[in-house]
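# Fold and contact review
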Amino acid sequence: MKKCPFSLQNGSAVIDDNNSISAGERGALTFDNVHLFEKLAHFNRERIAERVMHARGSGAYGTFTLAKDLSAITSANFLHTLGNTTKVFVRFSTVGGGQDSSDNVRDIRGFSVRFYTEEGNFDLVGNNTPVFFLRDPINFPDLAHAVKKDPRTNIPNGNRPFQFWARLPQSFHQLTILMSDRGIPYSYRYMHGFGSHTFGMYNDKNELVWVKWHLKSNQGIKNLTDAEAARLAVFHAQKDLVDAIDNGEYPSWQVKLQVMTQKEAETYQVNPFDLTKVWPHKDFPLIEIGTLELNKNVDNYFMEVEQVAFNPGNFVNGICASPDKMLQARLFAYPDAQRYRLGVNYNQLSVNKPRCPVYNYQRDGLMADFSSDEHRKEMSGINFYPNAESKQLHLGEQAPPALNLSGQNRIYDTGSEDNFSQAGDLFRLLTEEQRVELINNFANGLHLADLETKKLMISYAYAADNEYGEMLKKILAM
Ligand code: HEM
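Description of the structure in this document. In this convention, every chain numbers its residues from 1, walking through the sequence in written order. Local features are withheld for residues below a pLDDT of 70 in this predicted model, meaning they are given only at 70 or higher, and side-chain atom pairs are given and counted only at 80 or more; totals for whole chains, interfaces and linings count all residues. Where side-chain values are given, they derive from all heavy atoms of the structure, hydrogens and water being excluded.

### Some words on the site of the ligand
So the rule is basically this: A cutoff of 4 Å decides nearness: a residue is near a molecule or strand if any of its heavy atoms lies inside that distance of it. Whenever two N or O atoms come within 3.5 Å, that pair is a polar contact, provided that in protein one can donate a hydrogen and the other can accept it, and provided that, for residues adjacent in sequence, both atoms are side-chain atoms. Helix and strand assignments come from DSSP, with helices taken as H or I runs of at least 4 residues and strands as E runs of at least 2, each series counted from the N terminus. In this classification, Asp, Glu, Lys and Arg are treated as charged, Ala, Val, Leu, Ile, Met, Phe, Trp, Tyr, Cys and Pro as nonpolar, and every other residue, Gly included, as polar.
For the ligand, the set of nearby residues contains 26 residues, the closest of which are Arg51, Arg91, Tyr334, Gln338 and Arg341. One nitrogen or oxygen atom from the side chain of Arg91 is found 2.8 Å from an oxygen atom belonging to the ligand. Counting only elements with at least two residues in the shell around the ligand, the list comes to strand S3 (109-117), strand S4 (120-127) and helix H9 (325-342). Among the elements that take part in the shell around the ligand, H9 stands out by supplying 8 residues, more than any other. For the shell around the ligand, a count of residues per class yields 14 nonpolar, 8 polar and 4 charged.

Here it is as structure tokens:
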């Protein structure tokens, strides 16, 4: 049988893709326009809800190659055996803008890495900064409202984020990074990545340590000033990534860990689970563990970059969450957002599907599909547990060590937390030129702000470092 080259959704041949059927040459359309109706209806459904945050992004595939055997601290298989390679998918993003917003804004950048390991998907859903604005997730939707468009005018309102940040002094460390020369990376290739949160790692003896992930750009750091950014094409970072990979200039990052024992965590002067704080490298040096390289562009942006569903709760045996409250909330938020954005069976899509067998008794739901012959067999079998015939589940065998917790706490931020020392440490690391740029950027952002907001910000700058305060006060003529 001759295969038709061009078909309808049911596979039958398209007879004419240029003419609708009408009642006479100048007449209205008839109701047998099956092809036209299908084409229009499908077009109407081409868009899905964009991500509520980090909507604009770029992605690519690559590999992670292990340079240090980590079996002493984690039972995660992909972190054993030197030279071991694991396939990855990475998505970079801006945070506040919509799907088609500019790549060149002063904003944090998302840096999400999915490791397709033999033991399941491990997702590191981080940013290009080691800290965040908040230490309690209850403030997150307000942060998003403050940085996104004004609900009446539908345009960004430069005053609002500063109003919000000024009333949450914990955001000052992150804000100092955002206003610094690193606030607008030249493109995704020229920035570092961070897991930001503290995570747990546990070995075969069920011993637990706390770790932080760092990804250091082998391309180096390259940033844009506000003026340079304004001159670039809106989709600059997207093009930069696609072109580099198409030209064989594969971007790569050195992957490093900081490790803290449970004992150190109990006595260290900084709460290791506070996302507004870093672990100084002098106390917890970076340990190099491997290289991440991106070497394959996607074939279809929508299917791969738009439909990828990163989840900070995608752990594998040997890696687990820490008590960081921000991380805990994210364990709920992402799969919830993805069930809404992509539907309940989003893990069956090719970019999300684990590269190892998936056995469970979850069934049906919107767009349930057999993703492989093996899966088909599973789905036709028994669908409840316990049962008489299926394989035993090894419950608890690989569970992370239990934490010793008790009591209930209602006030996390008592107001006595040190929000400024680390912002001061960072300020003191900057060159004179970088300090001037920081202050100029701050002033550009604050010029629309109300008097009280400006006063609060100046007081935080003083609390971080006297010179920081002096410089900000002077430029704002206060
Ligand atoms: C309580 C705090 C937070 C909440 C509730 C939250 C919520 C969300 C939601 C709902 C999405 C969209 C997910 C999707 O539709 O696929 C998202 C995306 C994202 N978030 Fe968060 N977020 C929080 C904090 C953070 C932090 C601290 C980081 C980094 C350290 C981060 C990094 C990202 C990244 C990189 C993406 C884009 C993921 C991708 O590339 O698809 N978020 N966030």
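Following the structure, the description resumes.
### Structural notes on the pairing of strand S7 (residues 208-217)
Selection criterion: Summary of the burial criterion: residues with accessible area below 20% of their type's maximum are buried, those above 50% are exposed, and those between are partly exposed, where the area comes from a 1.4 Å probe applied to protein chains only. By this definition, two strands are paired if DSSP reports at least two bridges between them.
For S7, the buried fraction is high: 10 of the 10 residues fall into the buried class. Side chains Leu208, Trp210, Lys212, His214 and Lys216 of S7 all project onto a buried face; the interleaved residues Val209, Val211, Trp213, Leu215 and Ser217 project onto the opposite face, where all are buried too. For strand S5 (residues 193-194) and S7, the ladder comprises 2 bridges, and the chain directions are antiparallel. Paired with Phe194 across the strands is His214, a residue of S7. As defined by bridge partners, strand S6 (residues 199-202) adjoins S7 across 4 bridges and the pair is classed as antiparallel.

### Examining empty space enclosed by the protein
Put simply, the rule is: Cavities and pockets were defined on a 1 Å grid built from protein atoms only: a cavity is a group of points that admits a 1.4 Å probe but offers it no way out, a pocket is an open group of points flanked by protein on both sides within 12 Å along at least five of seven lines, and a lining residue is one with an atom within 4 Å of any such point. Grid points are joined across faces, edges and corners, and a volume is the space filled by probe spheres set on the points.
Overall, the coordinates contain 1 cavity of 30 Å³ or more when judged by the stated rule. Roughly 40 Å³ of internal volume is contained in the largest cavity. Gln170, His173, Thr276, Lys277, Asp418, Asn419, Phe420, Gln422 and Ala423 together form the lining of the largest cavity. Residue classes in the lining of the largest cavity are distributed as 2 nonpolar, 5 polar and 2 charged.

### Things to note about the coordination of the iron atom of the ligand
Note the threshold: Here the term donor refers to an N, O or S atom within 2.8 Å of the metal (or 3.2 Å for Na, K and Ca), and because water is left out of the atoms, sites may appear incomplete.
Among protein residues, the single donor to the iron atom of the ligand is Tyr334 (OH), with a metal-donor distance of 1.8 Å. Among the secondary structure elements, Tyr334 is positioned in helix H9.

### Details of unusual backbone geometry
Of note, the amide linkage connecting Tyr385 to Pro386 takes the cis form, showing an omega dihedral of 5 degrees. By the secondary structure assignment, Pro386 is in the loop between helix H10 (373-380) and helix H11 (421-429). Located in the positive-phi region is Asn154, a residue other than glycine, with phi close to 60 degrees. Structurally, Asn154 is set in the loop between helix H2 (140-147) and helix H3 (159-166). Despite not being glycine, Asn206 shows a phi value in the positive range, around 65 degrees. Structurally, the position occupied by Asn206 is in the loop between S6 and S7.

Read these as geometric descriptors, not functional statements.
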